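Descriptive structure summary
Each chain, written out:
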Amino acid sequence: MAMLLMRRTVQTAVRTKYCRSFSASQTHLNERKGLVLGVFEKEGEEGGLHLTEAAAGFDQNLSGKLSELLKISGPALKKGKSRIFYGINKDFPCVAVVGLGKTSAGVCGSENWDTSKENIRQAVSVGCQLLQDQEVNHVEVDGCGDAQSAAEGAALGLFHYDQLKSKKKTKVTTQLHGSSNSAGWQKGVMYADGQNLARLLMEAPANHITPTAFANTIEEKLALHAERVTINKRSQAWIEQQQMGAFLSVSKGSEEPPVFLELHYNGSPDSKQAPLLLVGKGITFDSGGISLKPSSSMDEMRADMGGAATVCAAIVTAAALKLPVNIIGLAPLCENMPSGKATKPGDVVTAKNGKTIQVDNTDAEGRLVLADALCYGHTFNPRAIVNVATLTGAMDVALGSAATGVFTNSDWLWQQLHKASVVTGDRVWRMPLFQHYTRQVTDSQLADLNNVGKYSRSGGACTAAAFLREFVTAPHWAHLDIAGVMSNKDEVPYLRKGMSGRPTRTLVEFAAGLAHSG
């Protein structure tokens with residue numbers, strides 16, 4: 001009996017010593033700090049671990065206790081796996097240790113990305129989410145040898161759209177731990193904030209993000225950079241004056257007025273430097289129009305302005321980074337709705353460049369709004385044109401969520417985009433722009449062009465790209481079809497389920513590459 005009492009006394013003392021701070025009031029919980037540390041798999045040693053510089057320093061301060069706990073708490077941490085320890089350090093009641101994979105990882109030719117950067121993003125996001133679930137509201141993050149990737153993993157992994165819910169996840173602030181590379185960390189935060197802005201716009205319901213609300217949101221985000229940015233929110237009267245008949249044919253079915261958003265970021269010291277032109281499809285809700293979509297999953301078409309969201313978010317990020325490059329962003333914004341005023345299948349409309357288009361399917365509307373925007377964009381004599389759009393379901397069928405499909409008339413432009421995507425891990429893949437597809441959209445019964453391919457669904461992503469090329473005369477143009485990467489289930493480990501905001505970071509990295517290459 002005496003032994004039993006003694007055992008209970010010891011157990012109570014242990015629980016009191018190690019658990020007191022975790023059974024306290026909610027107020028105390030809100031003051032908790034957490035730490036994310038990384039460990040690599042030791043090359044050639046099964047089950048061996050190699051601590052990062054920050055983790056080794058932390059372990060040394062604990063007289064090797066972290067290393068000891070890692071050995072006795074289970075199998076060696078593999079890539080993307082995590083373990084959480086409580087009460088081992090007074091400054092950090094919760095410490096998450098995450099697996100970074102092999103130290104030798106780098107650019108992988110077959111995967112078309114930097115595996116080391118991806119491993120860091122994935123691991124850090126896992127650690128941060130784990131601590132967020134413990135209601136830790138401030139997390140210090142190990143830079144893991146690449147502070148930018150660590151910052152991206154933290155900020156992207158913690159993003160959760162709960163603006164319209166009464167019960168919200170714990171809001172977590174992050175900072176760099178045990179590293180002097182604060183510049184890399186800040187850069188990563190800005191890259192991730194850009195993608196999260198696109199996610200915010202894409203995830204929000206269509207009655208909250210109308211064309212007007214979208215334009216106002218971007219204007220607010222750019223207000224901090226007013227000295228370098230000019231914003232024009234063009235009205236329907238201006239659109240009519242520009243004779244953008246293709247764009248107007250899509251917007252006419254909705255009660256919401258269209259907006260043609262035009263952004264000018266003047267970052268180059270040379271004001272006469274030819275701009276990079278980014279064009280984004282901005283259908284804030286796509287019902288399909290008279291060619292009505294099935295009701296199943298139609299709610300996801302609130303994100304059919306993903307092209308405009310990623311383009312505008314990229315420009316906001318470029319301005320925050322003060323990139324020394326001139327960029328013009330164009331976003332034709334409207335809804336595609338059925339009504340008595342809506343375009344009917346078989347109608348013929350005239351685009352800004354005078355070409356007539358037979359609209360056989362009103363659900364192939366993205367190419368119509370982009371056609372007029374591309375025509376207008378040429379007036380700025382850009383050095384390169386990149387348009388981005390959730391354009392075709394066929395793109396999702398072809399590549400799924402692995403990569404954005406790129407159709408381009410320029411080998412140079414393809415190389416720049418691909419190079420940027422290897423760094424960001426948000427990959428691109430080149431698709432064909434054969435005359436084979438052009439013939440399928442120029443063979444129209446009533447007009448110069450048909451807005452759907454002659455053979456209907458066959459090669460749908462390619463015929464859509466061929467249609468857009470009919471409105472391009474510039475030597476360096478690329479069309480990015482992002483329909484397949486619009487949302488995330490669990491494919492990208494550091495993005496939660498929902499709208500992805502891809503490929504914002506690749507667009508920013510591409511613009512940065514142009515800025516620094518002259």
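Quantities reported herein were computed from a predicted structural model and do not represent experimental measurements. (Residues numbered from 1 in each chain as written. Predicted model: local features only at pLDDT ≥ 70, side-chain atom pairs only at ≥ 80, totals over all residues. Heavy atoms only, no water.)

1. A few points about the overall build of the protein chain
For the record, the criterion: Each helix is a run of DSSP H or I of at least 4 residues and each strand a run of E of at least 2, with the numbering of both proceeding from the N terminus. Here the globule rule reads 2.2 Å times residues to the power 0.38, and the radius of gyration is calculated from C-alpha atoms. When accessible area is computed with a 1.4 Å probe and restricted to protein chains, residues below 20% of their type maximum are described as buried, those above 50% as exposed, and intermediate ones as partly exposed. Should any heavy atoms of two residues lie within 4.5 Å, those residues are considered in contact. All accessibility values rest on the Shrake-Rupley procedure with a 1.4 Å probe; residue burial counts only the protein chains present in the view. His is not counted here, nor are the chain ends, while Lys and Arg score as positive and Asp and Glu score as negative. Positions of charges follow a simple convention, taking NZ of Lys, CZ of Arg, CG of Asp or CD of Glu.
A count of helices and strands for the protein chain gives 17 helices and 22 strands. For 518 residues, the compact-globule formula gives about 24 Å, and the C-alpha radius of gyration of the protein chain, at 26 Å, lands near that figure. With respect to the principal axes defined by its C-alpha atoms, the protein chain has extents near 95 × 45 × 45 Å. When the 518 residues of the protein chain are sorted by exposure, 57% land in the buried category. Sequence-distant contacts in the protein chain: of pairs separated by 6 or more residues, those separated by 24 or more amount to 76%. In the form shown here, the protein chain has an accessible surface area of approximately 21,900 Å², with 51% of it arising from carbon and sulfur atoms. Side chains of the protein chain carry 53 positive and 49 negative charges; the gap between the two charge centres is 5 Å.

2. Digging into the sheet that holds strand β15 (residues 356-359)
Note: strands within a sheet are paired through backbone hydrogen bonds, in either parallel or antiparallel orientation. For the record, the criterion: Pairing between two strands is assigned when DSSP locates at least 2 bridges connecting them.
Spatial strand order, β14-β15-β19: 3 strands in an open sheet with mixed pairing. With partners counted over all chains shown, the strands left at the sheet margins are β14 (347-350) and β19 (449-450), one partner each. Taken together, the 2 bridges between β15 and β19 define a ladder with parallel strand orientation. Each bridged residue has a counterpart across the sheet, and for Gln358 the counterpart in β19 is Asn450.

3. Description of the UniProt feature "domain: Cytosol aminopeptidase" (unreviewed entry) in the protein chain
Quick note on the threshold: UniProt positions are given in the numbering used here, feature names are shortened, and annotations may be inferred rather than shown by experiment.
Taking the numbering used here, the UniProt-annotated feature "domain: Cytosol aminopeptidase" (unreviewed entry) corresponds to residues 361-368. Helix and strand shares over residues 361-368 are 38% and 0% respectively, and the end C-alpha atoms of the span are 11 Å apart.

4. A short note on the side chain of Ser149
Along the chain, Ser149 turns up in helix α6 (residues 147-158). Using a relative accessible area of 1% as the deciding quantity, one classes Ser149 as buried. In this view, Ser149 contacts Lys117, Ile120 and Arg121; residues no more than four positions away in its chain are not counted.

5. Some thoughts on the confidence of the model for the protein chain
Note: predicted coordinates in regions of low pLDDT should not be interpreted at a detailed level. Let me state the cut-off plainly: pLDDT is a per-residue confidence score from the predictor, ranging from 0 to 100.
In this model, the protein chain carries an average pLDDT of 93, and 93% of its residues clear a pLDDT of 70 or more. Confidence over residues 1-29 falls short of pLDDT 50; this stretch has 13 contacts with residues more than four positions distant or in other chains.

6. Comments concerning unusual backbone geometry
Cis geometry marks the peptide bond from Arg502 to Pro503; its omega dihedral reads 0°. Summarising the element assignment, Pro503 is placed in the loop between β22 (498-499) and α17 (504-517). Unlike most non-glycine residues, Ser63 shows phi in positive territory, near 60°. Mapping Ser63 onto the fold places it in the loop between α3 (53-61) and α4 (65-72). Classification of Ser63 as exposed rests on a relative accessible area of 71%. With a phi close to 55°, Cys144 is a non-glycine residue in the positive phi region. Assessed through its relative accessible area of 6%, Cys144 is described here as buried.

7. Some remarks on the environment of Ala373
Along the chain, Ala373 turns up in helix α12 (residues 366-377). In this structure Ala373 touches Phe260, Val279, Leu330 and Pro332, once residues within four positions along its chain are discounted.

8. Digging into the packing of helix α15 (residues 435-442) against helix α16 (residues 460-469)
Using the following cut-off: Where helices are involved, their axes are fitted lines through C-alpha atoms of the stretch in contact, as for all axes, and angles between N-to-C directions lie from 0 to 180°. Should an angle fall under 35 degrees it is taken as roughly parallel, and over 145 as roughly antiparallel, whereas 65 to 115 is taken as roughly perpendicular and any remaining angle as oblique. Three residue categories are used. Nonpolar comprises Ala, Val, Leu, Ile, Met, Phe, Trp, Tyr, Cys and Pro, charged comprises Asp, Glu, Lys and Arg, and polar comprises the others, including Gly.
Where α15 contacts α16, the axes come no closer than 8 Å and their chain directions differ by 75°. When the interaxial angle is binned, α15 and α16 end up roughly perpendicular. The segment α15 lies against α16, with Gln435, Tyr437, Thr438, Gln440 and Val441 engaging Cys462, Thr463, Ala466, Phe467 and Arg469. Considered class by class, the residues forming the contact of α15 with α16 number 5 nonpolar, 4 polar and 1 charged.

9. Here we look at α16
Along α16, 10 of the 10 residues are buried, which leaves the element largely enclosed by surrounding structure. Those residues of α16 not exposed but buried are Gly460, Ala461, Cys462, Thr463, Ala464, Ala465, Ala466, Phe467, Leu468 and Arg469.

10. What to know about the side chain of Asp347
Threshold: N or O atoms closer than or at 3.5 Å make up a polar contact, with two conditions inside protein: a donor-capable atom paired with an acceptor-capable one, and, for residues adjacent in sequence, both atoms drawn from side chains.
Relative to the elements of secondary structure, Asp347 occurs in strand β14. A polar atom in the side chain of Asp347 sits 2.9 Å from the backbone nitrogen of Lys344. Dropping the residues within four chain positions of it, Asp347 is found in contact with Ile357, Gln358 and Val359.

11. Describing the pattern of salt bridges
Which entries qualify depends on this criterion: Note on definitions: salt bridges are taken to be side-chain nitrogens of Lys or Arg within 4 Å of carboxyl oxygens of Asp or Glu.
On inspection of all chains with the given rule, the structure shows 23 salt bridges. The shortest N-O distance in the salt bridge between Glu365 and Lys281 comes to 3.3 Å. One end of the pair, Glu365, is in the loop between β15 and α12; the other, Lys281, is in the loop between β11 (276-280) and β12 (282-286), and 84 residues separate them in sequence. One exposure class covers both Glu365 and Lys281, and it is buried.

12. Topic: the nonpolar core
When a protein is soluble and globular, its nonpolar side chains tend to lie buried together. We count it as follows: We define the nonpolar core as a collection of buried residues of types Ala, Val, Leu, Ile, Met, Phe, Trp, Tyr and Cys that are connected through side-chain atoms lying within 4.5 Å of one another.
Residues Phe214, Leu261, Tyr265 and Val386 are the most contacted members of the largest nonpolar core, which totals 63 residues. A total of 10 residues in this core trace back to one element, the largest contributor, which is helix α11 (residues 306-321). If sequence neighbours within four positions are ignored, Val386 has contacts with Leu276, Leu277, Leu278, Val279, Leu413, Ala478, Leu480, Leu507 and Phe510. One finds Ile385, Tyr437, Ala461 and Phe471 within the second-largest nonpolar core, a separate group that totals 48 residues.

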